[in-house]
Amino acid sequence: VRELLVDDMTYAYAVADLAVSRAGFATLAEMTAMLRVPTILVPLPQTEQEANAHAFEERGGAIIVRQAHPRFDDEVLSAARLLLQDKVACRAMGD
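Keep in mind that what you see is a predicted model, and the values were worked out from it rather than measured.

Rules of the game
- Residues numbered from 1 in each chain as written.
- Predicted model: local features only at pLDDT ≥ 70, side-chain atom pairs only at ≥ 80, totals over all residues.
- Heavy atoms only, no water.
- Helix = DSSP H or I, 4+ residues; strand = E, 2+ residues; numbered from the N terminus.
- Expected span 1.5 Å × (residues − 1).
- Buried < 20%, exposed > 50% of the residue type's maximum accessible area, 1.4 Å probe, protein only.
- Arc of directions from axis to C-beta.
- Contact = heavy atoms within 4.5 Å.
- Core = buried A, V, L, I, M, F, W, Y, C linked by side-chain atoms within 4.5 Å.

### Remarks on helix α4 (residues 72-85)
Turning to step 1, where the next piece is worked out: For α4, with 14 residues, the first-to-last C-alpha span of 20 Å sits near the 20 Å given by 1.5 Å per residue.
Turning to step 2, where the next piece is worked out: All buried positions along α4 are accounted for by V76, A79, A80 and L83. Around the axis of α4, the buried residues are gathered within 100° of arc, so they sit on the same side. α4 presents R81 and Q85 as exposed residues on the side facing more than 90 degrees away from its buried surface.

Structure below.
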């Protein structure tokens with residue numbers, strides 16, 4: 001795991017194997033246009049991000065992990081392992 005902060009996210013998205021992100025509209029729009037990699041969304045509770053995340057999850061574009069989950073770290077790791085090991089699911093998220 002490596003934290004990367006860049007001004008031009010296009011490069012970061014192009015080399016990513018997996019994305020873990022909030023679910024703000026601008027971020028999701030950017031990811032839809034460029035990312036095409038498996039995505040775990042952690043929406044801010046009780047905000048429009050929850051609706052945004054659900055829209056992506058319903059279309060098979062992401063997995064949602066709730067920030068308030070009592071085993072949040074384990075849930076993120078479990079989702080990441082699943083996505084990185086399941087090549088069919090990974091390809092489906094990019095379509």
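### Digging into the side chain of S21
Turning to step 1, where the next piece is worked out: Turning to its location among the elements, S21 is positioned in strand β1 (residues 19-21).
Turning to step 2, where the next piece is worked out: When its relative accessible area of 16% is taken as the criterion, S21 is described as buried.
Turning to step 3, where the next piece is worked out: Sequence-distant contacts of S21, that is, excluding residues within four places in its chain, are made with T27, M31, I40, L41 and V42.

### Points about helix α3 (residues 48-58)
Since the α-helix packs 3.6 residues into each turn, any two residues three or four apart lie on the same face.
Turning to step 1, where the next piece is worked out: Among all positions in α3, only Q49, N52 and A53 are buried. End-on view of α3: buried residues confined to an arc of 95°, all on one side of the axis. Across α3 from its buried face, at more than 90 degrees, point the exposed residues E48, A51 and E58.
Turning to step 2, where the next piece is worked out: At the C-terminal side of α3, G60 shows a positive phi close to 80°.

### Side note on the nonpolar core
Nonpolar side chains tend toward joint burial in soluble globular proteins.
Turning to step 1, where the next piece is worked out: In this structure, Y13, A19, A23, L28, M31, V37, L41, A53, A62 and I64 together form the largest nonpolar core, which totals 10 residues.
Turning to step 2, where the next piece is worked out: Apart from residues lying up to four places away in sequence, A23 is in contact with L28, L41, V42, P43, Q49, N52 and A53.
Turning to step 3, where the next piece is worked out: Counting residues in hydrophobic clusters, the runner-up holds six residues, among them V65, A79, A80 and L83.

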